[in-house]
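Chain by chain, the residues run as shown.
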Amino acid sequence: MTKKLKKRLYRIIAGAVCYAACMALEKLVPVSNNVLLIAFLVTYFIIGGDVLKGAAQNIIKGQIFDEKFLMVIATIGAFLSSQYPEAVAVMLFYQIGEWFQSYAVNKSRRSIKDLMDIRPDYANVYNDAGELVNVDPDEVSIGTTIVVKPGEKIPLDGEVIKGETSLDTMALTGESLPREIHTGDEVISGCINLSGVIEVKTSKEFGESTVAKILNLVENATAKKAEAENFISKFAKYYTPIVVFLAVALAIIPSVITGAWGKWVYRALCFLVISCPCALVISIPLSFFGGIGAASKAGILVKGSNYLEALANAETIVMDKTGTLTKGQFAVTKIMAVNESEQRVLAYGAFAERLSTHPISKSIMAAYQQKNGDMTIMSSNEAVEEKAGFGVIACKDGGKIAVGNEKLMAHVLGADAWAACKEKYLAGEKALSEGTICHVAYNDTYWGFLLIEDQLKEDAADCVTGLKKAGMRLVMLTGDQKGVADKVAGQLGITEYYAELLPGDKVDHVEKLLAEKSEKGRLIFVGDGINDAPVLARADIGIAMGGLGSDAAIEAADIVIMTDEPAKITTAMHISKETLKIVKQNIIFAIGVKVLVLILAALGVASMWWAVFADVGVAFIAILNAMRALKLK
Amino acid sequence: MKKTVILEDLDCAHCAGKIEEAVNELKDVEKCSVNFLTQKMIIDADEAAMDGILKEAKKIVKKIEPDVTFTVK
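This one's a predicted model, so the numbers in the text were calculated from it and none came from an experiment. (Residues numbered from 1 in each chain as written. Chains lettered and ligands numbered in written order. Predicted model: local features only at pLDDT ≥ 70, side-chain atom pairs only at ≥ 80, totals over all residues.)

(A) How the structure looks around the domain arrangement of chain A. Structurally, chain A comprises domain 1 (3–113 + 224–287 + 579–631), domain 2 (123–152 + 156–208), domain 3 (300–325 + 457–562) and domain 4 (328–455). One C-alpha centre belongs to domain 1 of chain A, the other to domain 4 of chain A, and the line joining them spans 80 Å. (Domains from an automatic or database assignment.)

Structural data, given as structure tokens:
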């Protein structure tokens with residue numbers, strides 16, 4: 001609790017005690033009306049002094065539709081119609097309500113602060129004397145060596161030049177498993193160092209570092225307002241003047257007709273109490289902020305309330321294949337051997353590719369290492385000849401190993417022999433179109449092939465199932481060959497997909513899908529942020545995957561998923577839908593109660609007590625409801 | 001250029017909206033957004049006009065919410 005809140009609380013308690021004393025005085029001791037009036041007036045000033053002062057200041061500045069001013073008019077009106085206890089009680093309850101409201105706002109401000117508690121306070125650098133000193137991360141220039149001890153946050157992005165450790169990336173990615181870090185790895189600011197001391201050579205200034213970018217993004221996310229927020233701002237603009245106008249009409253028209261001024265003025269005063277739209281004005285942005293906060297806790301950065309809102313209306317989702325549904329990492333998934341054992345096909349393939357750094361070659365080496373463990377034969381210095389566009393030919397034990405595509409086979413075996421070979425061994429082989437094929441031949445004999453494929457992400461299937469369950473139209477687009485797309489789509493149960501697309505074709509497909517969706521529905525495009533900036537921009541909502549450390553993705557997308565998990569898309573949609581539910585509840589609840597109490601007050605059923613509830617009570621409940629958004633998962 | 005102003009003790013969301021609207025109407029202001037929850041106002045405007053804008057913005061804030069402390073970051 002802040003000092004200011006405490007002070008207000010004490011004043012409320014003092015006021016409540018005085019109020020009780022006044023009530024006792026009225027009921028138990030026979031005193032004159034004037035004494036009573038003075039006692040209640042003193043209590044009134046104790047409780048509402050600041051409101052009176054604020055109202056006076058506002059009148060001087062010409063702010064007549066101010067909440068404080070309206071409250072003062074209402075209570076003074078009650079005094080004038082000799083309703084002393086009611087006048088004081090209304091002020092007391094208004095103050096209690098305001099206090100709770102401030103308390104709730106404070107609390108949510110604190111939870112938001114906790115959420116953004118990833119800002120590093122200092123960096124350890126060596127000074128000229130070689131001693132380790134603390135400096136502001138803002139002052140560290142690129143290329144400086146910083147030391148990060150266990151328990152500290154990594155203050156700047158950079159590369160580890162010494163030491164090993166594990167990092168807690170929870171605050172950035174929502175991922176609870178620590179990440180192992182070795183010398184030479186890139187590290188990202190905002191992660192917490194768990195175990196070892198590491199030295200990091202910084203690669204960015206603080207302002208450009210991941211942590212600063214994320215903080216900036218989340219803090220400014222609410223600047224892009226959702227439609228619901230714009231509706232509320234507009235509503236608030238008209239609501240207060242209309243209610244005040246109605247109050248004036250209610251005070252004058254029936255009174256002139258019936259002559260019962262006191263009765264109608266009292267009802268009009270109730271209107272004034274209800275005329276503040278605060279419940280809505282606070283709770284709606286708070287809900288969105290909460291939803292955005294909850295998403296960022298799960299490693300999903302949403303760049304604006306409008307995107308969070310749009311996500312709930314998503315109808316079509318277009319997904320890129322590589323890097324989104326698949327890992328973009330190659331692995332040997334099948335070994336076909338003829339004339340030789342699978343073991344040797346792999347071993348000879350790996351041997352021939354041992355010097356290459358191409359991802360395909362590396363995957364063959366990795367497969368060999370996994371099966372064998374012993375890599376000693378790989379340090380051989382026998383000759384390897386690289387044939388660009390074909391493959392490699394390597395010497396081994398006096399013979400020649402050829403590893404590569406069909407063209408290479410035709411070259412080493414002879415075109416006729418290769419055609420016969422294909423006829424004999426490869427007819428009807430489905431694997432040939434499912435990925436990259438590396439044929440292996442030794443001297444003049446065809447040995448078989450290795451199938452190298454990109455791998456599905458572990459949660460890709462969950463993601464597809466979740467999206468289908470939500471009734472989304474799911475389309476997969478890929479630049480990859482049709483056979484590969486067929487297989488991935490088959491494994492995941494995706495029925496609509498297009499393969500062999502150029503980047504421009506993807507935009508065309510998205511345009512077509514945009515035209516086909518309903519007017520209110522939204523289209524999401526999910527990509528890995530590489531090469532798909534135009535499509536990310538064209539879609540209603542662009543989601544980039546694996547944004548941790550990729551500036552391009554953070555720039556281009558509307559929503560960034562920090563981890564590599566596509567299932568986070570369904571998490572984001574869930575958070576969005578729940579946030580919107582809270583927003584709707586608050587709008588309906590707040591407007592509903594206010595209108596109901598207005599009607600009841602006009603009919604003379606509702607007293608000023610009800611009116612105070614419809615003002616501050618509703619605001620308090622709406623804020624509490626909005627705070628639920630922060631806890632969404 | 002963008003300037004961030006901290007509005008300490010900004011307690012009324014409705015007033016935050018009013019401040020935002022009024023500052024946005026100032027001459028030379030590209031965009032102003034007031035974040036009620038983080039108690040920050042971000043003004044985007046031409047550098048040459050910024051000092052004048054900040055002075056005007058301070059007046060607006062004091063008029064709408066006298067209790068708020070206005071600190072340029």
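That was the structure; now back to the text.
(B) The arrangement of the packing of helix 20 (residues 568–603) of chain A against helix 21 (residues 608–627) of chain A in detail. All names here are of chain A. Axis separation between helix 20 and helix 21 bottoms out at 10 Å; the angle between their running directions is 175°. Our classification of the angle between helix 20 and helix 21 gives roughly antiparallel. Taken together, the residues of helix 21 that come into contact with helix 20 (itself represented by Ile 582, Gln 585, Asn 586, Phe 589, Ala 590, Val 593, Lys 594, Val 597, Leu 600 and Ala 601) are Trp 610, Ala 611, Ala 614, Val 618, Ala 622, Asn 625 and Ala 626. Looking at the contact of helix 20 with helix 21, its residues break down into 13 nonpolar, 3 polar and 1 charged. (Axes fitted to C-alpha atoms, helices over the stretch in contact; angles between N-to-C directions. Helix = DSSP H or I, 4+ residues; strand = E, 2+ residues; numbered from the N terminus. Parallel < 35°, antiparallel > 145°, perpendicular 65-115°, else oblique. Contact = placed C-beta atoms within 7 Å. Nonpolar A, V, L, I, M, F, W, Y, C, P; charged D, E, K, R; others polar.)

(C) Up close: the nonpolar core. Residues and elements named next belong to chain A. If you look at the biggest cluster of nonpolar residues, it comprises 176 residues, and the most contacted ones within it are Val 90, Val 273 and Val 318. Among residues more than four places away in sequence, those in contact with Val 273 are Leu 70, Met 71, Ala 74, Val 90, Met 608, Ala 611, Val 612 and Asp 615. Counting 33 residues, the second-largest nonpolar core is a separate cluster that includes Val 392, Ala 394, Tyr 446 and Ile 452. (Core = buried A, V, L, I, M, F, W, Y, C linked by C-beta atoms within 7 Å. Buried ≥ 20, exposed ≤ 12 C-beta atoms within 10 Å, placed from the backbone.)

(D) How the structure looks around unusual backbone geometry. Residues and elements named next belong to chain A. A positive phi is found at Asn 443, a non-glycine position, where the angle reads about 50°. Take Asn 443: it is sitting in the loop between strand 16 (436–442) and strand 17 (445–456). Residue classification places Asn 443 among the exposed residues on the basis of 12 C-beta atoms within 10 Å.

(E) Inspection of the interface of chain B and chain A at higher detail. Taken together, the contacts link 11 residues of chain B with 18 residues of chain A. Those elements that place two or more of their residues in the side of chain B that touches chain A are helix 1 (13–24) and strand 2 (29–35) of chain B.

(F) A look at the sheet that holds strand 3 (residues 145–148) of chain A. Residues and elements named next belong to chain A. Strand order in this open sheet of 6 strands is 2-1-3-9-4-7, and the pairing throughout is antiparallel. Looking along the sheet, the strands with just one partner apiece sit at the ends: strand 2 (132–135) and strand 7 (186–187). Inspection of the sheet shows strand 1 (residues 123–126) paired to strand 3 by 2 bridges, in the antiparallel sense. Paired with Asn 124 across the two strands is Val 147, which belongs to strand 3. (Pairing = 2+ DSSP bridges.)

(G) A look at the pairing of strand 16 of chain A. Residue and element names in this part refer to chain A. With 5 of its 7 residues buried, strand 16 lies for the most part within the structure. Alignment of strand 15 (residues 399–404) against strand 16, held across 4 bridges, turns out to be antiparallel. By the bridge assignment for strand 16, Ala 402 is matched with Ala 441. Connecting strand 16 to the next strand, strand 17, in antiparallel fashion are 2 residues, including Asn 443 with a positive phi near 50°.

(H) Up close: the environment of Leu 26 of chain B. All names here are of chain B. For Leu 26, the location among the structural elements is in the loop between helix 1 and strand 2. Considered as a pair, Leu 26 and Ile 53 are 27 residues apart in the sequence and their alpha carbons are 7.3 Å apart. If we skip the residues at most four places from it in the chain, Leu 26 touches Ile 53 and Glu 56.

(I) Quick look at helix 2 (residues 33–60) of chain A. Residues and elements named next belong to chain A. The first and last C-alpha atoms of helix 2 sit only 33 Å apart over 28 residues, clearly below the 40 Å expected at 1.5 Å per residue. By the largest-angle criterion, Gly 48 marks the main kink of helix 2, which is about 75°. Taken together, the buried positions of helix 2 are Ala 39, Phe 40, Thr 43, Tyr 44, Ile 47, Gly 48, Val 51, Gly 54, Ala 55 and Asn 58. Remark: Gly 62 follows helix 2 within two positions and exhibits a positive phi of approximately 80°. (Expected span 1.5 Å × (residues − 1). Bend = angle between axes of the 7 residues up to and from the residue.)

(J) A look at the packing of helix 10 (residues 305–312) of chain A against helix 20 of chain A. Residue and element names in this part refer to chain A. In the contact formed by helix 10 and helix 20, the axes pass within 8 Å of each other and the chain directions differ by 95°. Between helix 10 and helix 20, the crossing angle belongs to the class labelled roughly perpendicular. Residues Leu 308, Glu 309, Leu 311 and Ala 312 of helix 10 form the contact with helix 20, whose participating residues are Ala 572, Met 573, Ser 576, Lys 577, Thr 579 and Leu 580. Its residues assigned to classes, the contact of helix 10 with helix 20 comprises 6 nonpolar, 2 polar and 2 charged.

(K) Broad picture of the sheet that holds strand 11 (residues 314–320) of chain A. Residues and elements named next belong to chain A. Pairing within the open sheet is mixed, and its 7 strands lie in the order 10-22-21-20-11-18-19. Since the sheet does not close on itself, it has two edges, and those belong to strand 10 (300–302) and strand 19 (496–498), each with one partner. Direction aside, the axes of adjacent strands within the sheet are offset by 20° on average.

(L) Focus on the confidence of the model for chain B. Across chain B, the average pLDDT comes to 85, with 100% of residues at or above 70. For this predicted complex, the interface confidence comes out at an ipTM of 0.77, alongside a pTM of 0.78. (pLDDT = per-residue confidence, 0-100.)

(M) Representation of helix 1 of chain B in the model. Taking 1.5 Å of rise per residue, 12 residues should cover 16 Å, and helix 1 of chain B covers 17 Å from first to last C-alpha, within 8% of that figure. All buried positions along helix 1 of chain B are accounted for by Ala 13, His 14, Cys 15, Ala 16, Gly 17, Lys 18, Ile 19, Glu 20 and Val 23 of chain B. Lining the buried residues of helix 1 of chain B we find helix 7 (227–258) and helix 9 (278–297) of chain A together with strand 2, strand 3 (40–45) and helix 2 (47–64) of chain B.

(N) Seen up close, the pairing of strand 3 of chain B. Residues and elements named next belong to chain B. Side chains of strand 3 alternate between two faces, with Met 41, Ile 43 and Ala 45 buried and Lys 40, Ile 42 and Asp 44 left unburied. As defined by bridge partners, strand 1 (residues 2–8) adjoins strand 3 across 5 bridges and the pair is classed as antiparallel. Considered in strand 3, the bridge of Ile 6 is made with Lys 40. Examined bridge by bridge, strand 2 and strand 3 share 6 bridges and lie antiparallel to one another. Bridge pairing links Val 29 to Ala 45 in strand 3. Linking strand 2 to strand 3, which pair antiparallel, is a turn of 4 residues; within it Gln 39 sits at a positive phi near 55°.

(O) How the structure looks around the environment of Glu 385 of chain A. All names here are of chain A. Among the secondary structure elements, Glu 385 is positioned in strand 13 (residues 384–387). A sequence separation of 17 residues divides Glu 385 from Ala 402, and the C-alpha atoms of the two residues are 9.5 Å apart. The contacts of Glu 385, once residues within four sequence positions are left out, are Val 392 and Ile 393.

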